[in-house]
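# Results of the structural survey
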Amino acid sequence: MSDSISSRLNPRAKWPIFIGMCLVAATIIYPLFFVVATSLRSNVDYKRDPFGLPSEWTIDNYLKLWNEYGVGRAFMNSLFVSLTSVTLILVFATLAGYALAKLPVFASKYFTATFVSVMLLPGPVLIIPIYLVLARLGIVGDYAGLILVYVATGLPFAIFFLTLTFRAIPDELLEAARVDGAGFYRTLWSIVRPMGGSGIATLAVLQFLGTWNELIFALILIPNAKMKLLTPTLSSIGKRFLTDQPLTSAGLFITAMVPLLLLAFASKYIMRGLQVGLSR
Amino acid sequence: MRQSKLIGTLAVLPSFIIVAGFMAFPVMFALYISFTKTNGLTYEWRGLDNYIALLTDPIVHQVFLNNFKFLISVPLVIFAALVCSILLFEQFKGWKFFRVIFFLPNVLSVAVIGLIFRNAFGYDGAVNQFLALFGAEPKQFFIDSNYSIFIIILALVWSGFGYQSLLLLAGLTAINPAVFEAAAIDGAGWWRRLWSITLPNIRKVIGFVFIINILYTFASLFGFVFVITAGGPGYETTTIDFLVYLRAFSSNNLGSGAALAVVLFLFIGLMTLLQNRVFKLQKDD
């Protein structure tokens, strides 16, 4: 491999490329650094010297947001909704993915066609009818409705992804389990789950990011202020405190923190999901 | 065998019911609503009235035009992504680390990215503060539609180019290295190889990225518009998906919003078909 690399470009030319890439990376890193630095200072201090480091570091903005402006509650709400949605998606998608990958299914073509055809459905098309359907069921403003929507919109890709993952499990292994007398659930738990483990983990991370970051449905389906999720709370804080950038920056960092931690610790899984995203 | 067929079907059924009930059915329902005048409680059949009203609605015209303005972001994102992917492909020291950095904006919510840009261009935001270092007066960027559109495009480029450069990189890595070696032996220089081997070999991936960008500007700008400009000034930065939201929750006729959503849906369906068609054609040659 190292041979073919050096045949591509003169090794001396790699330094300018490296420096150029560092500059590009800086356009991504610096705004985030600026947000974090700004969030750790008072508004007066920010206005005095916005580009310097804080003259006095403080976590007041975080405390104020978390305790007084409902961000703490919203954070917990988002965590609850995201974790519940992801768990449900994983359970349903594992069942369906395993069946579609390895078991005979009645009219399986039609099931697959349904999942694939709604996979790229844009959210705006759904907002009016989903609102009306949930209103008819009486679950607008209820987490049950929002979670149902997240599960429904997440499932098509999840099933597609896990079907591909589970197809790679050797049939002999499943056959051996069947001969040993393992039933459906036993096979699923002791063979499919561990064999498809990294695929399931990738999916869990991607779906968590998706629900944690979602804005439209969180905005329109949960009107009650006490139940609001984090992204709508953040955007209303951004609108309310236009002139207090340190305060809104703290809100930004609180919202971004969870995905950033995931990227730091699970980048392996996220990068793997990327490849599948392409084959879609 | 029959037994396991039953089990398999039962395993798919819960997912199918949820997806059919909360995605497939709502789309059909939206189609029905679009032919009615409704407030969500009573439905009054109106035939094509909502669609005809859309055709003659100046706001709808403007909003479609706005969407086309946002298409400026497409070549910008692709160009930035292409340059980055070609440079990443040289696999210099630490390129894997850069991959993670480039992916970073992609894990952030549109609410977060939008607000970062809204803050940066706010009255006492970083951009004005920076211009002040050169003695410029602070500007109200968001009362000017050209600036507002530019800022949203900037947010699109900033948040999109990294991920797309990784998609293009995946395409580059799939090229057989022997082709490069053969060209190098034949004495083809770096630029020559870029034009004659690298770019032609990833034109399929470039095509894919091109289409997803167009789809994105038509169907997924809601978050940025909502957080950065709220559609203003006037309707100058309102996109189709944002107008669907505005019509849905501020007017007494949901049918009109639904009709707009259906038009958007048809447009996106058409683009997706076109994408499949283009990819099939390329597979044949």
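Residues numbered from 1 in each chain as written. Chains lettered and ligands numbered in written order. Predicted model: local features only at pLDDT ≥ 70, side-chain atom pairs only at ≥ 80, totals over all residues.

A separate point is the overall build of chain B. Along its length, chain B carries 14 helices and two strands. Expected size for 285 residues packed as a compact globule is a radius of gyration near 19 Å; at 24 Å, chain B overshoots this value by more than 25%. Summarising its shape, the C-alpha atoms of chain B cover approximately 80 × 75 × 35 Å along the three principal directions. By residue count, 41% of the 285 residues in chain B fall in the buried class. (Helix = DSSP H or I, 4+ residues; strand = E, 2+ residues; numbered from the N terminus. Rg over C-alpha atoms; globule rule 2.2 N^0.38 Å. Buried ≥ 20, exposed ≤ 12 C-beta atoms within 10 Å, placed from the backbone.)

When helices and strands are counted, chain A shows 14 helices and zero strands. Starting at the N terminus, the α and β elements of chain A follow one another as α-α-α-α-α-α-α-α-α-α-α-α-α-α. Against the 2.2 N^0.38 benchmark of 19 Å for 280 residues, chain A shows a C-alpha radius of gyration of 23 Å, more extended than a compact globule. A burial count over chain A gives 42% of its 280 residues as buried.

The next thing to look at is the environment of isoleucine 216 of chain A. Take isoleucine 216 of chain A: it is sitting in helix α12 (residues 216-221). C-alpha of isoleucine 216 of chain A to C-alpha of glycine 183 of chain A: the two residues are 33 residues apart in sequence and 42 Å apart in space.

For the rest of this paragraph, the subject is unusual backbone geometry. The phi angle at alanine 107 of chain A is positive, at roughly 50 degrees, despite the residue not being glycine. Considering the arrangement of structural elements, one finds alanine 107 of chain A in the loop between α5 (71-102) and α6 (108-119). Its identity is not glycine, yet alanine 230 of chain B carries a phi of approximately 55 degrees, on the positive side. Structurally, alanine 230 of chain B is set in the loop between α12 (222-229) and α13 (240-250).

The next point concerns the domain arrangement of chain A. Once the domains are mapped, chain A shows domain 1 (11-58) and domain 2 (66-229 + 257-279). The centre of domain 1 of chain A, based on its C-alpha atoms, is set 35 Å off from the matching centre of domain 2 of chain A. (Domains from an automatic or database assignment.)

Turning next to the packing of helix α8 (residues 145-173) of chain B against helix α11 (residues 203-219) of chain B. Residues and elements named next belong to chain B. The interhelical angle for the contact between α8 and α11, taken along N-to-C directions, is 155 degrees, at an axis separation of 9 Å. It follows that α8 is roughly antiparallel to α11 by the angle criterion. The element α8 and its partner α11 pack so that their crossing is right-handed. Judged by residue contacts, Gln164, Leu167, Leu168 and Gly171 of α8 engage Val205, Ile206 and Val209 from α11. (Axes fitted to C-alpha atoms, helices over the stretch in contact; angles between N-to-C directions. Parallel < 35°, antiparallel > 145°, perpendicular 65-115°, else oblique. Left-handed = near helix turned anticlockwise from the far one by under 90°. Contact = placed C-beta atoms within 7 Å.)

Of all hydrophobic cores here, the largest spans 150 residues; its most connected members are Ile128 and Leu155 of chain A together with Ala261 and Leu264 of chain B. If one sorts the elements of this core by residue count, helix α8 (residues 143-167) of chain A sits on top with 15 residues. Counting only domains with at least three residues in this core, you end up with domain 1 (11-58) and domain 2 (66-229 + 257-279) of chain A. Leaving out residues up to four positions away in the same chain, leucine 155 of chain A has contacts with Ile89, Phe92 and Ala93 of chain A together with Ser15, Ile18 and Val19 of chain B. (Core = buried A, V, L, I, M, F, W, Y, C linked by C-beta atoms within 7 Å.)

Across the boundary between the two partners, chain B contributes 79 residues, which contact 83 residues of chain A. Ranked by residues supplied to the side of chain B that touches chain A, first place goes to helix α1 (residues 2-33) of chain B with 21 residues. For the side of chain B that touches chain A, the residue count by class is 56 nonpolar, 16 polar and seven charged. (Nonpolar A, V, L, I, M, F, W, Y, C, P; charged D, E, K, R; others polar.)

In this section: the environment of asparagine 50 of chain B. Relative to the helices and strands, asparagine 50 of chain B resides in helix α2 (residues 49-55). Residues asparagine 50 of chain B and serine 159 of chain B, 109 residues apart in the sequence, show an inter-C-alpha distance of 36 Å.

Residues and elements named next belong to chain A. The end-to-end C-alpha distance of helix α2 (residues 14-39) is 37 Å, a good match for the 38 Å that 26 residues give at a rise of 1.5 Å each. Roughly 35 degrees is the biggest bend found in α2, and it falls at threonine 27, with proline proline 31 one to four residues downstream. Considered for burial, the residues of α2 that qualify are Met21, Val24, Val35, Thr38 and Ser39. (Expected span 1.5 Å × (residues − 1). Bend = angle between axes of the 7 residues up to and from the residue.)

Here the focus is the confidence of the model for chain B. Confidence along chain B averages 86 in pLDDT terms, with 96% of residues attaining 70 or more. Element-level pLDDT for chain B is lowest in helix α14 (residues 254-284) of chain B, with a mean of 78, against a maximum mean of 93 in helix α6 (residues 110-120) of chain B. (pLDDT = per-residue confidence, 0-100.)

This part takes up the confidence of the model for chain A. With 93% of its residues at a pLDDT of 70 or more, chain A has an overall mean of 86. Of the regions scoring below 50 in pLDDT, residues 1-7 of chain A engages in eight contacts with residues more than four places distant in sequence or in other chains.

What follows covers the environment of phenylalanine 265 of chain A. Along the chain, phenylalanine 265 of chain A falls in helix α14 (residues 245-279). Phenylalanine 265 of chain A sits 160 residues away from valine 105 of chain A along the chain, and the two C-alpha atoms are 38 Å apart.

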